[in-house]
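Overview (structure and organization)
The residues making up each chain are set out below.
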Amino acid sequence: MRILHVITSLGIGGAQRLLADLLPLQSLEADVRLVVYEYVHNDFEQTLQQAGINIICLNEHNFHNPRVIVRLRRIFRDYDLIHAHLFPTIYWASVAARGLNVKLVYTEHSTSNSRRNKWYFLPIERFMYGRYDKIISISQQTQDALTTWLGQHDNRFVVINNGVDTDKFASVKSPVIPKSLIMVSRFASSKDQETVIRAMRYIDREAILRFVGDGENRHHCEALAEELGVSDRV
């Protein structure tokens, strides 16, 4: 089987982390390749290249440019299964695969997005999601939020929870009492750093919490830590 994954880029994020873990495993039993719109030259790209995964770059910096549909369609013809990730790839892959003899899979990586705040996106979303043979959600909450938004729930929707390679943690031989906590993610409402910051009022005052990331909610979270009097530990 020839499998092609499609994502905007391998910039830091949960979807990109999933691909870096998943594709080398899939390549053991199938011909697996990846399309990105642009290179970002980071560890995720290096990991996949070292695993022998062929990365096809479109050299397109405008992710919302519909012209990528034509280029994707030419590439799709050579594959049995197309697995799309993130927006707007869910739209472009849906249109590019129209009329081709390929299976379409999409993975939903988040419980929310800005499109769900705009009513006029709903018919578009129903059409685009309707083109996929399988729609995978990374958690039950993610699937529940998606099916509620779409008003649809059938056997195309499945939950496959994100996995963890436990071999990478085999060096931990004894229980660890955390005094230093860390959360690595973009600052967005769906990541809910606010709850973690509020929890710092109730745990050991020697504990230090570190956030690694950036995004639209970062300054809000910094202000919340100041307001709650925990900024010296966050």
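The structure under discussion appears in the preceding block.
All values reported here derive from a predicted model rather than from experimental measurement.

Tallied over the entire structure, the rule returns ten salt bridges. Arg33 is paired through a salt bridge with Asp31; the nearest N and O atoms lie 3.5 Å apart. Salt-bridge contacts for Asp204 lead to Lys179; the nearest nitrogen and oxygen are separated by 2.3 Å. Of this pair, Asp204 sits in the loop between α7 (193-199) and β9 (208-212) while Lys179 sits in the loop between β7 (157-159) and β8 (180-184), and the two are 25 residues apart along the sequence. Residue Lys179 is classed as partly exposed on the basis of its relative accessible area of 35%.

Taken together, the side chains of Ile182, Val184 and Val212 make up a nonpolar region of the molecular surface, amounting to roughly 280 Å² of accessible area. The topology assignment puts Ile182 in strand β8. The exposed category is assigned to Ile182, whose relative accessible area is 58%.

With that settled, the discussion passes to the packing of aromatic side chains. According to the stated counting rule, one finds seven aromatic pairs in the structure shown. Measuring from ring centre to ring centre gives 5.5 Å for Tyr37 and Phe63, while their planes differ by 80°; the resulting arrangement is edge-to-face. Of this pair, Tyr37 sits in the loop between β2 (31-36) and α2 (43-50) while Phe63 sits in the loop between β3 (54-57) and α3 (68-76), and the two are 26 residues apart along the sequence. What makes Phe63 partly exposed here is its relative accessible area of 21%. Considering the side-chain rings of Tyr106 and Tyr132, the 5.8 Å spacing of their centres and the 55° angle between planes classify their relative orientation as tilted. Of the two residues, Tyr106 is situated in strand β5 (residues 103-108) and Tyr132 in the loop between α5 (121-130) and β6 (134-137); the sequence distance between them amounts to 26 residues. The class of Tyr106 is buried, set by a relative accessible area of 3%.

The next thing to look at is the environment of Arg2. In this fold, Arg2 is placed in strand β1 (residues 2-7). Those residues in contact with Arg2 that lie beyond four places of it in its chain are Asp31, Arg33, Asp78, Tyr79, Asp80 and Leu81.

The N-to-C vectors of α5 and helix α6 (residues 140-150) enclose an angle of 115°; their axes lie 9 Å apart at closest approach. When α5 is examined against α6, the residues Phe121, Leu122, Glu125, Arg126 and Tyr129 are found in contact with a partner set consisting of Leu146, Trp149 and Leu150.

Turning our attention to the packing of helix α1 (residues 14-26) against α2. Any two packed helices are characterised by how steeply their axes cross, that is the angle between the axes, and by the distance between the axes. Remark: α1 packs on α2, axes separated minimally by 9 Å, with the N-to-C direction vectors making an angle of 10°. As the angle between them shows, α1 and α2 are arranged roughly parallel. Contacts between α1 and α2 involve Gln16, Arg17, Leu19, Ala20, Leu23 and Pro24 on the former and, on the latter, Phe44, Thr47 and Leu48. Its residues placed into classes, the contact of α1 with α2 shows six nonpolar, two polar and one charged.

As a further point, take the layout of surface pockets. For the second largest pocket, the calculated volume is near 190 Å³. Lining of the second largest pocket is provided by Asp21, Gly163, Val164, Asp165, Lys168 and Phe169. Each residue belonging to the lining of the second largest pocket can be placed in one class, and the counts come to two nonpolar, one polar and three charged.

What counts as what
- Residues numbered from 1 in each chain as written.
- Predicted model: local features only at pLDDT ≥ 70, side-chain atom pairs only at ≥ 80, totals over all residues.
- Heavy atoms only, no water.
- Salt bridge = Lys/Arg side-chain N within 4 Å of Asp/Glu carboxyl O.
- Helix = DSSP H or I, 4+ residues; strand = E, 2+ residues; numbered from the N terminus.
- Buried < 20%, exposed > 50% of the residue type's maximum accessible area, 1.4 Å probe, protein only.
- Patch = residues over 30% accessible without salt bridge, like charges linked within 9 Å, V, L, I, M, F, W, Y side chains within 5 Å.
- Areas by Shrake-Rupley, 256 points an atom, 1.4 Å probe, with all protein chains shown as cover.
- Phe/Tyr/Trp six-rings, centres within 6.5 Å; stacked < 30°, edge-to-face > 60°.
- Contact = heavy atoms within 4.5 Å.
- Axes fitted to C-alpha atoms, helices over the stretch in contact; angles between N-to-C directions.
- Parallel < 35°, antiparallel > 145°, perpendicular 65-115°, else oblique.
- Nonpolar A, V, L, I, M, F, W, Y, C, P; charged D, E, K, R; others polar.
- 1 Å grid on protein atoms, 1.4 Å probe; cavity = no way out; pocket = protein on both sides within 12 Å on 5 of 7 lines; lining within 4 Å.
- Points joined across faces, edges and corners; volume = space filled by probe spheres on them.

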